[in-house]
Amino acid sequence: MSPAALATTILTFTGIVGVGALLRWTKIVRAQDAKPINTLIIYVGLPAFIFSAVHSATLRADLWGVVAIAWAVFVVMALLG
């Protein structure tokens, strides 16, 4: 991922969090509204974001190291759990 794309992603998420904080501070969104909004984000927005990121990614041979580390961490955590 290029530095510009990374910065764009970070600024987008920062903006979304900022909008959420502003809506709560102005009492437009109540504390009770957080659960359905979070559910929508987790079950709809996050999978769409992941699909979009994976779809535009270029596959390279050095990414197998990332996959191996992820599986190693998963196995260690599963054993500890």
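Refer to the structure printed above.
What you are looking at is a predicted structure, and each value in this text was computed from that prediction instead of being measured.

So what exactly am I meant to see when it comes to the overall build of the protein chain here?
Summing up its helical and strand segments, the protein chain has 3 helices and 0 strands in all. Reading the secondary structure of the protein chain in the N-to-C direction produces α-α-α. Its C-alpha atoms give the protein chain a radius of gyration of 17 Å, clearly above 12 Å, the size a compact globule of 81 residues would have. Taking the principal axes of its C-alpha atoms as reference, the protein chain extends roughly 50 × 40 × 20 Å. Looking at the 81 residues of the protein chain, the share that counts as buried comes to 0%. Taken as a whole, the protein chain presents about 7300 Å² of accessible surface, with 78% of it coming from carbon and sulfur.

What's the story with helix α1 (residues 3-25) in this structure? I'm lost.
In this model α1 runs 32 Å from its N-terminal to its C-terminal C-alpha over 23 residues, within 8% of the 33 Å that 1.5 Å per residue would give. Where α1 ends, the next residue or the one after it, lysine 27, has phi of about 65°, a positive value.

Even after reading the chapter, I still don't get unusual backbone geometry, so can you show me in this structure?
Peptide bonds are trans in most cases, and residues, glycine excluded, mostly fall at negative phi. Located in the positive-phi region is lysine 27, a residue other than glycine, with phi close to 65°. When you line up the elements, lysine 27 lands in the loop between α1 and α2 (34-55). Judged by relative accessible area, lysine 27 falls into the exposed class, the value being 68%.

I'm lost on the packing of aromatic side chains in this one. Help?
Each aromatic ring pair is described using two quantities: the centre-to-centre distance and the angle formed by the ring planes. For the structure shown, the criterion picks out 2 aromatic pairs. When the centroid spacing of 5.3 Å and the interplanar angle of 85° are considered together, the rings of phenylalanine 13 and phenylalanine 49 count as edge-to-face. Of this pair, phenylalanine 13 sits in helix α1 while phenylalanine 49 is found in helix α2, placing the two residues 36 residues apart along the sequence. Residue classification places phenylalanine 13 among the partly exposed residues on the basis of a relative accessible area of 41%. Both rings, one in tryptophan 71 and one in phenylalanine 74, keep their centres 5.6 Å apart while their planes meet at 90°; by these two values the pair is edge-to-face.

Parameters and conventions
Residues numbered from 1 in each chain as written. Predicted model: local features only at pLDDT ≥ 70, side-chain atom pairs only at ≥ 80, totals over all residues. Heavy atoms only, no water. Helix = DSSP H or I, 4+ residues; strand = E, 2+ residues; numbered from the N terminus. Rg over C-alpha atoms; globule rule 2.2 N^0.38 Å. Buried < 20%, exposed > 50% of the residue type's maximum accessible area, 1.4 Å probe, protein only. Areas by Shrake-Rupley, 256 points an atom, 1.4 Å probe, with all protein chains shown as cover. Expected span 1.5 Å × (residues − 1). Phe/Tyr/Trp six-rings, centres within 6.5 Å; stacked < 30°, edge-to-face > 60°.

Geometry only, nothing functional implied.
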